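Below are the chains, spelled out letter by letter.
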Amino acid sequence: MKDILTTANAAELLGVSIRTAQLWVESGQLPSWKTPGGHRRIPRQAVLDLIEDPAQAPVDLRANAVVLAGKGRGSDWVEAGLPGSGLLIEVAEELNLVRSLLEPAPPTLLIVENAEEVERKKFVTTISSDPRYRQTLVFTMTEKGAGSPAARSDMRIQMRMLPSASAASAAVIDSLKTRLLDDSGDSPGFARPLNEKARLEAVRRTALVGSDADSRFDRLVRLAAFVTRAPIAMFTLITKDQQWFKSRVGFDGEGTSRDWAFCNETLIANEITVIEDMREDRKLEANPTLKEPYGFRFYAGAPVRDPWGFALGSVCVIDTVPRSLKREERDALITIAEAVSNLIRLTAIEGC
């Protein structure tokens, strides 16, 4: 029927990748339904409405920062990263490669160094006029820019090129602290990533918190305990105030208050985090689980992400004795967290 489209048909009409159209469908922002055979179908009129008014097109930002680095500075940016931002960083020095990094959905942050160069200036102009990037925060860095980040508009920031990528990263982080962090006025006793507001929305969007037990997740959590030889393993989801266990082995209870959550450290690091002896970490000295009856000493957690890259929580393992992880155990924990992330995406597709 000509009034009903497949995801591929919709993507072609909209001029976006099939993956982008899938993301819109998964989030429910592009209306769809599933046929008895399990195929996704989209009303043609919903697609035409977006074409007629592109400003109304869904903008699902990825939890990524894309950096168009100055010549010879790419590796420095990779090393510097954007610590504590909650964003995965992708770096390139070539414009064509950066364009490919902007798919399948716009990043939360785009940084363009040497933005006064002709081709890079044209690139920034194109991005600024494209409604798909209306919610992407764009930093342009030029040799004669302002000494500190200066807003040219709500989502466009200009600043001077700094002598090192680490200095530029620090300046961007300082600016992000006033733009991305939840402005509710709360001052919790734990660290939060700077994209916490968007991350919490990603957790809500999964509808997993409070959901029924799922044997698929349970099997993966048991596998995490087995391959790391840990007595406790969990798949956690971190909400504003709570650490909720979608799956767990070796621990009673469905969750704890968030200030008990070692997974806060994983959210900040945004990568696998290993704490070999938690009693040696001053940030955790007030955590009640280090004392009896728990006596926790060791923690390792790998982020679980939604399809947009937001860290929802972690697959983590805990022990009551100080220890380390072998390389193959670290790799296994990362792989299991990725498998859980893939299950979340599959669950979203099945339910939308």
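Each remark here, short or long, concerns the structure printed above.
Now for a look at the structure at hand. The structure displayed is predicted, hence computed values, not measured ones.

A few words now on the overall build of the protein. Helix and strand counts for the protein stand at 11 helices and 15 strands. By the compact-globule yardstick of 20 Å for 352 residues, the protein fits well, its C-alpha radius of gyration being 22 Å. Taken over the C-alpha atoms alone, the protein extends approximately 60 × 60 × 40 Å along its principal axes. When the 352 residues of the protein are sorted by exposure, 49% land in the buried category.

Looking along a regular strand, one sees the side chains alternate between the two faces of the sheet. Bridging between strand E10 (residues 232-238) and strand E11 (residues 242-249) involves 6 bridges; their strand directions are antiparallel. Looking at the pairing, Thr236 lines up with Phe245 of E11. With antiparallel pairing between neighbouring strands as the criterion, E10 and E11 make up a hairpin whose turn holds 3 residues. Across 3 bridges, E11 lies against strand E12 (residues 255-257) in antiparallel orientation. Each bridged residue has a counterpart across the sheet, and for Trp244 the counterpart in E12 is Gly255.

Okay, unusual backbone geometry next. Here the amide bond leading from Glu103 into Pro104 is cis, since omega sits at 5 degrees, within 30 degrees of zero. On the secondary structure map, Pro104 appears in the loop between helix H5 (95-101) and strand E6 (107-112). Between Glu292 and Pro293 the backbone carries a cis peptide bond, its omega angle lying at 10 degrees. On the secondary structure map, Pro293 appears in the loop between strand E13 (273-275) and strand E14 (298-305). At Ala207, a position not held by glycine, the phi torsion is positive, near 60 degrees.

Let's shift gears to the pairing of strand E5 (residues 88-92). Pairing of strand E4 (residues 62-68) with E5, which is carried by 5 bridges, proceeds in the parallel orientation. Each residue of the ladder has a partner; that of Ala65, found in E5, is Ile89. Each parallel crossover has a hand, and the one from E4 via helix H4 (residues 74-80) to E5 is right-handed.

Taken as a whole and assessed by the stated rule, the structure comprises 8 aromatic pairs. Ring geometry for Phe251 and Tyr294: centres 6.0 Å apart, planes at 25 degrees, overall stacked. Here the residue Phe251 occupies a position in the loop between E11 and E12, and Tyr294 occupies one in the loop between E13 and E14, the gap between them amounting to 43 residues. Judged by relative accessible area, which is 14%, Phe251 ranks as buried. According to the relative accessible area criterion, Tyr294 is partly exposed, its value standing at 29%. On the basis of an interplanar angle of 50 degrees and a centroid distance of 5.7 Å, the ring pair of Tyr294 and Phe296 is categorised as tilted. Relative accessible area serves as the criterion here: at 5%, Phe296 is assigned to the buried category. Chaining the aromatic ring pairs together yields one cluster made of Phe245, Phe251, Trp260, Phe262, Tyr294, Phe296 and Tyr299. Between Arg323 and the ring centre of Phe298, over which it is positioned, the NZ or CZ distance is 4.9 Å.

Reading the values: the criteria
Positions within a chain are numbered from 1, following the residues in the order the chain's sequence is written. Since the coordinates come from a predicted model, pLDDT governs what is reported: local features require at least 70, and pairs of side-chain atoms require 80 or more to be given and counted, while whole-chain, interface and lining totals use all residues. With hydrogens and water stripped out, all remaining heavy atoms of the structure feed into the side-chain values. Helix and strand definitions follow DSSP, with helices as H or I runs of at least four residues and strands as E runs of at least two, each counted in order from the N terminus. In this description the radius of gyration comes from C-alpha coordinates, and the expected globular size is given by 2.2 Å times residues to the power 0.38. Throughout, exposure labels follow a simple rule: accessible area from a 1.4 Å probe, protein chains only, divided by the maximum for the residue type, with under 20% read as buried, over 50% as exposed, and the rest as partly exposed. Should DSSP find at least two bridges between two strands, the strands are regarded as paired. Note on handedness: a clockwise path from strand one over the helix to strand two, with the strands aimed away from the viewer, defines a right-handed crossover. Here is the rule: rings of Phe, Tyr and Trp (six-membered ring for Trp) pair when centre to centre is within 6.5 Å. Planes less than 30 degrees apart are stacked, more than 60 are edge-to-face, and the remainder are tilted. Placement of a positive charge over a ring is assigned whenever Lys NZ or Arg CZ falls within 6 Å of the ring centre and within 35 degrees of the normal to the ring plane.

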